[in-house]
Amino acid sequence: MNPLDTSTKTRFSWLLKMAWRDGKASGKRLFLFMGSIILGIAAVVSIQSFSQNLKENIGGQSKALMGADFLIDSNELANERVQQIMDSLGGVGAKEVKFASMAAFVKNGETKLVQVRGVEGNFPFYGELETEPASAAADYQEKGGALVDATAMIQFDVRVGDSVKLGNITFPIVGSLITAPGSTGIGTSVAPPIIVPFEYMEPSGLLQKGSRLEYAYYFKSPKADLEQLDKEVDPLLDEQNADLDTHTSTSDRLGRRYNNVGRFLNLVAFIALLLGCVGIASSVHIYIKEKLRAIAVLKCLGATRKQTFLIYLIQIAGMGLLGGFIGTVIGLLLQQTFPMILQEFLPFEVEISTSYSAIAVGLILGVLMSVLFALSPLLNTWFVSPLQVLRVQDNIGTKSRKAQIWVVLAIVLFVFLFALWLLENLKYALGFVIGILITFSILAGVSILFMRLVKKYFPKSWSFTSRQSLLNLFRPNNQTAVLILAIGIGTFLISTLYFTKDFLLAKAVVDSNEKSPNIIMFDVQTGQKQDIINTVAPKGLPILDNIPIVTMRMERIKDRSVNEIRLDTTTSINKWILNHEFRVTYRDSLISSEKLVSGAFVEKMPQNGPVPISLADNVARDAQVVVGDTLLFNVQGMLMETVVGSIREVDWGRMQLNFSIVFPTGILENAPQFHVLTTNAPDKSTSAKLQRELVKKFPNVSILDLRQVITLIESILDKISWVISFMAFFSILTGIIVLIGSVRNSKYQRIRESVLLRTIGAKSNQILKITALEYLYLGILGSGIGVLLSLLGSQLLAYFIFETPFIPSWIPFLIVLPGITLLVLTIGLSNNISVLKSPPLQVLRKETN
Amino acid sequence: MAKILNVRNLRKTYKSGSKELTVLDGISFEIEAGETFSIVGPSGSGKTTLLGLCAGLDHVDEGSIELCGVELSKLNEDELALLRNRKVGFIFQDFQLLPTLTALENVSVPLELQGKPDVQKVAKDLLEKVGLGSRYDHYPSQLSGGEQQRVALARAFSTTPDILFADEPTGNLDEETGEKVIQLLFELNKEMGTTLVIVTHDLDLAQLTQKIIRLKGGKIISNQTKTLA
């Protein structure tokens, strides 16, 4: 046989066999890292498939979500023209009026701000009013009864058969309302829905001027061309201050909203996966290093470079596939729990189904990420000389530098493409990749700098144990960079979560100062104002604000009418400006939440000329006007010429009544108006008592108890942060697994040394101290940088995304930093226990075989 | 008899910092097929380097090596690997068994690389021959040093190589075990007609071979051929 005849190629099955033989004996070393891939994949698959489900559900249930094929809504009853349009569309199937009002439960006198829905007709046409008893949904109109939100009924301890008073009418509660089209999401927590027959709305006395009413006319027309309707009828309705909404456009809007949530969750999962990949890269690096001898032996025996490379590539890919498979299974199981976790934020019950694309993504991702991140160390197998069996060489790395650069580029490209696929936005994907690179670079840079500094300024005078622990940080095969990266990213995520939650909550905190209002009374008619003051004042409660409100719409912006602008497809004026009913006030000064940006605030109406008004900066921006531009308003039928006198910056986050348009005094005083009064109730019982009395005397007045709102905001933020925590948990758990794995790997590196120290007489507490100090340094440094980076990141978030001042919380410094350091310390110490408990030789035999 | 190894004017240097260290200089010798041959010398004399070069594990700086009729400098890494697999066997001082493979799998690997059928049978026969018939499924860590070296012997002879290189084969064994391993090595060598090249500093072991060259400071200081008794 010609010795150089390469035609006899080794079969692929042999490579598989070798990969399996070797893998099964050394798999335990990579088990923890496979764990991190499993978690990352589980996170991605669960979220990916849930997002898919959500999308499908929104699409599939869009009619049920609206309850109709399309609707026409407006802030006022349909005028003649709208009625004509509706008739031309085949006539209304059902109509509804929706508004916020106070409800009083007769049984116990408790009051609550609710969303009243007066319904006429067989609404909904799709989906269902889910009630208890089920028959109540069908006969509440006939019985003249009310369907009351089930949660509110439990909260106020009322049952079917009790009564609820809305305005002047007391309704028997005929059923508890479990779900209803159009009453979904967080809004129902602030004002739970009560459905009553439409015919009782007028006699209730609640449909007064100033009440924020929303009329909706529902249509059942399954064959209608909705796109055509939207295109042709909507502009006609716009002119009448009405809108047409189709079930598809509503579900698209909803889909977009939940898409953003999905994307955010996907990114968190992706970070978990990336973290897992850091673990894979680090473990394979050490794993392959340990295998170099065996690879040299194989080459000695006649294995080619390709064969040895493939053996380990197959091994890693196999582990990735297995990790991907297990991760996918866990992900699909986790997906089942998502509807429970996200229940509060979902508009409907999500039906869970298996998403095959998510399964494919899980499996492909498992293999691809494992191979890609293992490629750099794997390349070393190619360059191992068989001479290694005779003497150790350490010039492997230098030979493969060029290949390593390609690997890094491939990783960056893959991360970018995956981010692009998740975000569907080039700019965001690029931003994400750059952000990840910066964070990783800072963490890696700091760890390298730290190692160099320790090396350069090594404290020679320190005790033996302290010196040894420091030495461990920069000696060959150290885990400093990997551990700092893993600890740093985990801490970064969890701290950012705390910082963000805290500044959002800080924004919502109500001043406990008795001069700050905590009860707001809306929809107060001019005639009721004095009576209300007379009710509140004798109780020793101050009237803090007495704000007049006049409603109006824009008729003309500069020299173009809004109808003209509506038809102009090239306009950059925001559409909401054209259709919005503005609630305007008049006063002679700025308030604490306002800051003048340009022009001069005019206190009093001048003798002649147009009315100088003040606009909030967002309105000026969206209406494309500056100081000096003219605006024509339609004040309930009367046209009023105004000029932009000033532009204000408004802190909308402040818990006080802010206005986008402010008129000077001396012009609107006689216009039809209503009022908002505020007071401060020192405690809950005073507040409840006052509310009960006000509802009894002034049924049309809506009362907002800021104390309750804050509690609600807190609970919503708690729920949001719980969801984010749940997702961050994946990253943190992955981080911990990477941490345990890295520490365990470093254990293999150090075990000989610890045993040697033990052999030459080191006491248990000395070895313990060396280990403890090393992990203490790593823990403090990693979590410290993580917290500092998150401080910076949160500040950027606060500034650019939430546009709110950043007030850092102490929790990350007081709890997260020491907590994670302690965790690192515990894991590090627990790994060294075997060295301390057993005789040196036994440990060496066990650990090195 | 045909020459199986022909070494001519061999020179090998290594870089040590900025200095160049000459490890082997002007080495020439040849080995006939079927001969037993030993390379002896003190530590640092260049024995192991010479073995590595002759077996195609490293490249020469100057000179030439012809192994089994093939000029090694003309082969690339993969061709060298193929040549080793088909023509060469190895025994190392520290056994160099693959730690994650059982004794049987270790012996099977070179045959599997050749793509031969029934490798298990051949491997089992060889393990029987070296007295490890009951230890097929044991991993190297579960075997003593002597047993590991016997597995290495079985592996080295599994492909019936033309030439076998042994680097200090008894270096890590006690005297008694070492003697048994050497006895086995020579028995198998005789049975299979393999050319045997032993690198050792053990003169008693070297005396068992037909030819001995002595190295010192990277040069051959004597080239001795013994008369067969």
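What counts as what
Residues numbered from 1 in each chain as written. Chains lettered and ligands numbered in written order. Predicted model: local features only at pLDDT ≥ 70, side-chain atom pairs only at ≥ 80, totals over all residues. Helix = DSSP H or I, 4+ residues; strand = E, 2+ residues; numbered from the N terminus. Buried ≥ 20, exposed ≤ 12 C-beta atoms within 10 Å, placed from the backbone. Pairing = 2+ DSSP bridges. Axes fitted to C-alpha atoms, helices over the stretch in contact; angles between N-to-C directions. Contact = placed C-beta atoms within 7 Å. Nonpolar A, V, L, I, M, F, W, Y, C, P; charged D, E, K, R; others polar. Expected span 1.5 Å × (residues − 1). Bend = angle between axes of the 7 residues up to and from the residue.

Q: Let's hear about the overall build of chain A: which residues, and what values?
A: The helix and strand tally for chain A stands at 25 helices and 21 strands. Here chain A, with 849 residues, has 43% of them falling under the buried criterion.

Q: Any chance you could break down the sheet that holds strand E9 (residues 211-216) of chain B for me, citing the residues and the numbers?
A: Residues and elements named next belong to chain B. An order of E6-E7-E8-E3-E9-E10 is seen for the six strands of this open sheet, with the pairing classed as mixed. Both edges of this open sheet fall to strand E6 (88-91) and strand E10 (219-225), since each of them pairs with a single strand only. Across the sheet, the axes of successive neighbouring strands diverge by a mean angle of 15°, strand direction being ignored. With five bridges connecting them, strand E7 (residues 163-167) and strand E8 (residues 195-200) associate as parallel partners. From the neighbouring strand, Asp 167 faces E8, where its bridge partner is Val 199.

Q: Provide a residue-level description of the interface of chain A and chain B, including the pertinent values.
A: The interface of chain A with chain B comprises 26 residues on the first partner and 31 residues on the second. Breaking the side of chain A that touches chain B down by element, the ones donating at least two residues are helix H1 (12-60) and helix H9 (247-300) of chain A. Counting residues per element, the side of chain A that touches chain B draws most heavily on H1 of chain A, which supplies five residues. Residue classes in the side of chain A that touches chain B are distributed as 14 nonpolar, seven polar and five charged.

Q: How would you sum up the sheet that holds strand E2 (residues 19-32) of chain B? Please name residues and give values.
A: All names here are of chain B. Taken together, four strands build an open sheet; the order of strands is E2-E1-E4-E5 and the sheet is antiparallel. Two strands close off the open sheet at either side, each with one partner strand: E2 and strand E5 (70-71). As defined by bridge partners, strand E1 (residues 3-16) adjoins strand E4 (residues 62-67) across five bridges and the pair is classed as antiparallel. Within E4, the residue paired with Arg 11 across the bridge is Glu 62. Along the sheet, helix H1 (residues 47-54) contacts E1, E2 and E4; its crossing angle with E1, the most-contacted strand, is approximately 125°.

Q: Would you mind going over helix H11 (residues 356-383) of chain A in detail, with residue names and values included?
A: Every α-helix carries 3.6 residues per turn, so stepping three or four residues along brings you back to the same face. In this model H11 of chain A runs 40 Å from its N-terminal to its C-terminal C-alpha over 28 residues, within 8% of the 40 Å that 1.5 Å per residue would give. Bending of H11 of chain A peaks at approximately 60° at the position of Leu 375 of chain A, with proline Pro 377 of chain A no more than four residues after it.

Any functional reading would require information beyond the geometric quantities listed.
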